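Examination of the molecular architecture
Take a look at the letters that make up each chain.
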Amino acid sequence: MKNVLIPVDGSANSLRAVGYMIDHVRENGPCTLHLLNVQPPIVSGTVLGFVSKDMIQEYYLDEAKMALADAKVALDKAGVMYQEALRVGHIAESIKAYATEHQCDHIIMGSRGLGAAGSLLLGSVALKVLHTIHIPVVLIN
């Protein structure tokens, strides 16, 4: 693994994915790590009518900071370098697009995140990523 994407949503499973990569880096040496948080877009016309675009962008940033906070602390404590990014959009599609744009050779992600909907065995985002991407995906439970 040389260029690895870790989608992070603040869940315990995504934090375990970060821990998995910390262990991997300790055992195998450094690689390029990308932490990605994807915020679902606010599409309600009612909300958009009362809240400015700047306020919505600030909301996305605040949510991403909270979701990434524990992962960043763990990586910083371990001395592992990383890049962080925020995207707004459909989560699985945004993960695929980011991985493609940054030529990631692996995705390490939690099998289930914070979303309420999903299958019993795999979260809906993990399942969609598995079905749409053509690079290895390691799911951490």
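Anything mentioned here points back to the structure above.
Just so you know, these numbers come straight off a predicted model, no measurement behind them. (Residues numbered from 1 in each chain as written. Predicted model: local features only at pLDDT ≥ 70, side-chain atom pairs only at ≥ 80, totals over all residues. Heavy atoms only, no water.)

Examining the overall build of the chain
The line we're drawing: The way it works is that DSSP assigns letters per residue, a run of H or I at least four long becomes a helix, a run of E at least two long becomes a strand, and they are numbered from the N terminus. Values of the radius of gyration come from C-alpha atoms, whereas the globule rule sets the reference at 2.2 Å times the count of residues to the power 0.38. Buried, partly exposed and exposed residues are distinguished by accessible area as a fraction of the type maximum, computed with a 1.4 Å probe on protein chains only: under 20%, between the cut-offs, and over 50%, respectively. A contact between two residues is defined here by any heavy atoms of the two lying within 4.5 Å. In these tables, accessible area is a Shrake-Rupley quantity obtained with a 1.4 Å probe, and a residue counts as shielded only by the protein chains included in the view. Residues counted as positive are Lys and Arg, residues counted as negative are Asp and Glu, and His and the chain ends are not counted. A charged residue contributes its charge at one atom only: NZ of Lys, CZ of Arg, CG of Asp or CD of Glu.
Looking only at helices and strands, the chain has five helices and five strands in total. The order of helices and strands in the chain, counted from the N terminus, is β-α-β-α-α-β-α-β-α-β. In terms of C-alpha radius of gyration, the chain reaches 15 Å, essentially the compact-globule figure of 14 Å for 141 residues. Dimensions of the chain, computed from C-alpha atoms along their principal axes, come out at roughly 50 × 30 × 25 Å. Burial statistics for the chain: of 141 residues in total, 37% are counted as buried. In the chain, the proportion of contacts linking residues at least 24 apart, taken out of those at least 6 apart, comes to 74%. For the chain, the accessible area works out to roughly 8300 Å², and carbon and sulfur atoms hold 58% of it. Side chains of the chain give 11 positive and 13 negative charges; the mean places of these two sets differ by 4 Å.

Remarks on the packing of aromatic side chains
Going by this rule: To pair, rings of Phe, Tyr and Trp, with the six-membered ring standing in for Trp, must have centres within 6.5 Å; the planes then decide the type, stacked if under 30 degrees apart, edge-to-face if over 60, and tilted in the middle.
For the structure on display, the rule yields one aromatic pair. With 6.1 Å between their ring centres and 55° between their planes, Tyr59 and Tyr60 make a pair best called tilted. Assessed through its relative accessible area of 40%, Tyr59 is described here as partly exposed. Using a relative accessible area of 6% as the deciding quantity, one classes Tyr60 as buried.

Notes on the pairing of strand β2 (residues 32–39)
Rule in force here: Here a strand pair is declared whenever DSSP counts at least two bridges between the two strands. Assignment of crossover handedness uses the view with strands pointing away from the viewer, where a clockwise path from the first strand over the helix to the second indicates a right-handed crossover.
Taken across its eight residues, β2 has seven buried, putting it largely inside the fold. As paired strands, strand β1 (residues 3–7) and β2 are joined by five bridges and run parallel to one another. Bridge pairing in β2 links Ile6 to Leu35. One crossover worth recording links β1 to the parallel β2 by way of helix α1 (residues 12–28), and it is right-handed. Taken together, the six bridges between β2 and strand β3 (residues 83–88) define a ladder with parallel strand orientation. Bridging across to β3, His34 finds its partner in Gln83.

Focus on the pattern of salt bridges
Once the charged atoms of two side chains with opposite charge are near each other, the side chains can pair. The following threshold applies: Criterion for a salt bridge: a side-chain nitrogen of Lys or Arg within 4 Å of a carboxyl oxygen of Asp or Glu.
By the definition in use, this model includes three salt bridges. Residue Lys72 pairs with Glu84 through a salt bridge whose shortest N-O separation is 2.9 Å. Note that Lys72 is positioned in helix α3 (residues 53–78) and Glu84 in strand β3, a separation of 12 residues in sequence. Its relative accessible area of 25% is what places Lys72 among the partly exposed residues. The closest approach of N and O atoms between Glu101 and Arg87, which form a salt bridge, is 2.5 Å.

Focus on unusual backbone geometry
Its identity is not glycine, yet Gln103 carries a phi of approximately 50°, on the positive side. For Gln103, the position within the fold is in the loop between α4 (91–101) and β4 (106–110). Gln103 sits in the exposed class, given a relative accessible area of 66%.

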